[in-house]
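# Examining the three-dimensional arrangement
If you want the building blocks of each chain, they are given just below.
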Amino acid sequence: MFSLHLHFVLKVERVLIVCHLSAEIRLIRARMARLLPLIVLLMIPGVCCQSVWGVIYSSLHICALKGSTVTINCTYTYPTHHMITEVFWINTNSSDPPNLFNDSKYSERIQYLGDKQHDCSVRLTDVRHADSHKYYFRFITDKDKWTGAPGVTLNVTDKPVISISSSGVIVEGDSVNLTCSSESNPPVHNYSWFKENQTSSVGSGNIYIISNITSDHSGQYKCKTRQTCGERESDPLTLNVLYPPRNVSASISSAGVIVEGDSVNLTCSSESNPPANISWFKGETSVGSGNIYIISNIRSDHSGQYKCKSENELGEKYSDSVTLNVLCKFIIKQ
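Reference entry: report on the structure contained in this document. These figures come from a predicted structure and were not determined experimentally.

## Details of the overall build of the chain
Secondary structure assignment for the chain yields two helices and 29 strands. Expressed as a percentage of the 334 residues in the chain, the buried residues total 32%. Once local pairs closer than 6 in sequence are excluded, the contacts in the chain between residues at least 24 apart make up 62%. Working note: accessible area of the chain is about 20300 Å², and carbon and sulfur atoms make up 54% of it.

## Some words on the state of the cysteines
According to the stated counting rule, one finds four disulfides in the structure shown. At a sulfur-sulfur separation of 1.9 Å, the disulfide partner of C74 is C120. Of the two residues, C74 is situated in strand β4 (residues 74–77) and C120 in the loop between β6 (110–112) and β7 (122–124); the sequence distance between them amounts to 46 residues. Exposure class is identical for C74 and C120. Each is buried. One disulfide bridge connects C180 with C223, the sulfur atoms lying 2.0 Å from each other. Given an S-S torsion of about 55°, the disulfide between C180 and C223 has right-handed geometry. Separated by 43 residues along the polypeptide, C180 in strand β13 (residues 176–181) and C223 in strand β17 (residues 219–227) bring together distant segments of the chain.

## Examining the sheet that holds strand β11 (residues 161–164)
With antiparallel pairing, the three strands of this open sheet are ordered in space as β11-β13-β16. If you trace the sheet from one side to the other, it starts and ends with β11 and β16 (207–210), each paired once. Each neighbouring strand pair of the sheet contributes to a mean axis angle of 20°, computed without reference to strand direction. Sheet topology places β13 next to β16; four bridges connect them, and they run antiparallel. Counted as the bridge partner of L178 is Y208 from β16.

## Some remarks on the sheet that holds strand β22 (residues 264–273)
In spatial order, the strands read β12-β20-β22-β25; together these four strands make up an open sheet with mixed pairing. Lying at the two open borders of the sheet, with one neighbouring strand each, are β12 (170–171) and β25 (292–295).

## Describing empty space enclosed by the protein
Within this structure, the stated rule accounts for one cavity of 30 Å³ or more. Reported here for the largest cavity is a volume of approximately 80 Å³. In this structure, the largest cavity is lined by V70, I72, W89, L100, I110, V122, R123, L124, Y135 and L154. Taken together, the elements giving at least two residues each to the lining of the largest cavity come down to β3 (70–72) and β7. In terms of residues, the lining of the largest cavity owes the most to one element, β7, which gives three residues.

## Digging into the nonpolar core
One finds V55, Y57, Y76, W89, F137, F139 and L154 to be the most contacted residues of the largest nonpolar core, which totals 29 residues. For this core, the elements supplying multiple residues, two or more each, are β1 (54–57), β2 (61–65), β3, β4, β5 (84–90), β7, β8 (133–141) and β10 (152–157). Not counting chain neighbours up to four residues away, the residues in contact with F139 comprise W53, G54, V55, Y76, T77, Y78, I84, E86, V87, K145 and W146.

## Here we look at the pairing of strand β24 (residues 285–289)
Looking at chain direction, strand β23 (residues 277–282) and β24 are connected through four bridges and run antiparallel. Across the sheet, K282 pairs through a bridge with T285, a residue of β24. Once β23 ends, the chain turns through two residues before running back antiparallel as β24, passing G283 with a positive phi of about 65°.

## Digging into the packing of aromatic side chains
Under the counting rule described, the total for this entry stands at 17 aromatic pairs. Ring centres of Y76 and F137 lie 4.9 Å apart, and the angle between their planes is 50°; on these two criteria the pair is classed as tilted. Of this pair, Y76 sits in strand β4 while F137 sits in strand β8, and the two are 61 residues apart along the sequence. The exposure classification of Y76 matches that of F137, with both residues buried. Of the aromatic side chains, those joined through ring pairs into one cluster are W53, Y57, Y76, Y78, W89, F101, Y112, F137, F139 and W146. The ring centre of Y243 lies 3.9 Å from the NZ or CZ of R246, which sits over that ring. Between the NZ or CZ atom of K307 and the centre of the ring of Y318, over which it lies, the distance is 5.0 Å.

Rules of the game
- The numbers attached to residues start from 1 for each chain and follow its sequence in the written order.
- Where local features are concerned, this predicted model is filtered to residues with pLDDT of at least 70; where side-chain atom pairs are given and counted, the filter is 80 or more; whole-chain, interface and lining totals use all residues.
- With hydrogens and water excluded, all non-hydrogen atoms of the structure serve as input to the side-chain values.
- Per the convention used, a helix needs a DSSP run of H or I reaching at least four residues, while a strand needs a run of E reaching at least two, with both numbered from the N terminus.
- Residue burial is assigned from relative accessible area. The probe radius is 1.4 Å, only protein chains are included, and a residue is buried under 20% of its type maximum, exposed over 50%, and partly exposed in between.
- Contacts are assigned to residue pairs with any non-hydrogen atoms lying within 4.5 Å of each other.
- Note that accessible areas follow from Shrake-Rupley with a 1.4 Å probe, and for residues the cover is restricted to the protein chains shown.
- Note that a disulfide, as used here, is simply two cysteine sulfur atoms within 2.5 Å.
- Strand pairing requires that DSSP identify at least two bridges connecting the strands.
- Orientation is described by axes fitted as lines to C-alpha atoms, over the contacting stretch for helices, and by angles from 0 to 180 degrees between their N-to-C directions.
- Using a 1 Å grid laid over the protein atoms alone, points where a 1.4 Å probe fits but cannot get out form a cavity; open sets with protein on both sides within 12 Å along at least 5 of 7 lines form a pocket; any residue with an atom within 4 Å of a point counts as lining.
- Grid points are joined across faces, edges and corners, and a volume is the space filled by probe spheres set on the points.
- To define a nonpolar core, start from buried Ala, Val, Leu, Ile, Met, Phe, Trp, Tyr and Cys residues and group those joined through side-chain atoms within 4.5 Å.
- Paired rings are identified among Phe, Tyr and Trp, the last through its six-membered ring, by centres lying within 6.5 Å, and are further divided according to the angle between planes into stacked (under 30 degrees), edge-to-face (over 60) and tilted (the rest).
- Criterion for a charge above a ring: Lys NZ or Arg CZ within 6 Å of the ring centre, and within 35 degrees of the ring normal.

Bear in mind that shape data such as this cannot, by itself, settle questions of function.
What follows is the structure, encoded as structure tokens:
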């Protein structure tokens, strides 16, 4: 009897479970039936996006060099059953913003690259510092209007320019200031200085001071600026340091015996900026000029002490003397 009762209870519970599951399945099927049209609609390309207002910009922040060309790429969507009547760009998000295509400051430089469907790209040429603004795409349909926030921020920067404190001649021992200037938005927050053929920086700050300048400081210099927009590098500026003659020396071309009738070259070497004029002396008497003093068909009376003088507008310097010893040539007559 107990066994029969237990069997009956189990059978009833199975029936209840099956009935409960069947009810759940019918409920799910009913819900799916209601959702099916929406799912099919969402699977149709473009339908989901065309039901909402929106503008998508490829970049929200653009940095440009003054004088360059900027292209802002974007796409826009709007509800179905709307027809686009007007598209334009603005630089202020107000209730009735002016159309930049009709603005004399932009009209000759702005070009709409998009269409009246979904592309809203625009190009701005010869950008200027005054163009640093936030820009928005705005479109009007036959039923409503829309401005695409948050817009695109354009920052226009300049290539940095180097100026030098001295407008005249720079001579060894002077103090020289190199100044790096850059008109940029956002402002420059770091300056560094570089000299040609050197990979590491030689200074920092917008002013590079060289005290007690030497000829080793001659060369090309560049400044590099760093800001939110990235790095900008100036054109090179050449620093030309002048100095008087130094390291002046005289030498004789012949290392052996010099005999009457030979040809001998005396050479003067020196360092200077600007280049020096060279003159030759035998004792205290001037005998020639130029880096090389040539004595052809030399005679015994050419023997003596020779020295050269190196001279430019900043000074002069003599070499040490070299001795020219000319041997007589004996002719044996038969």
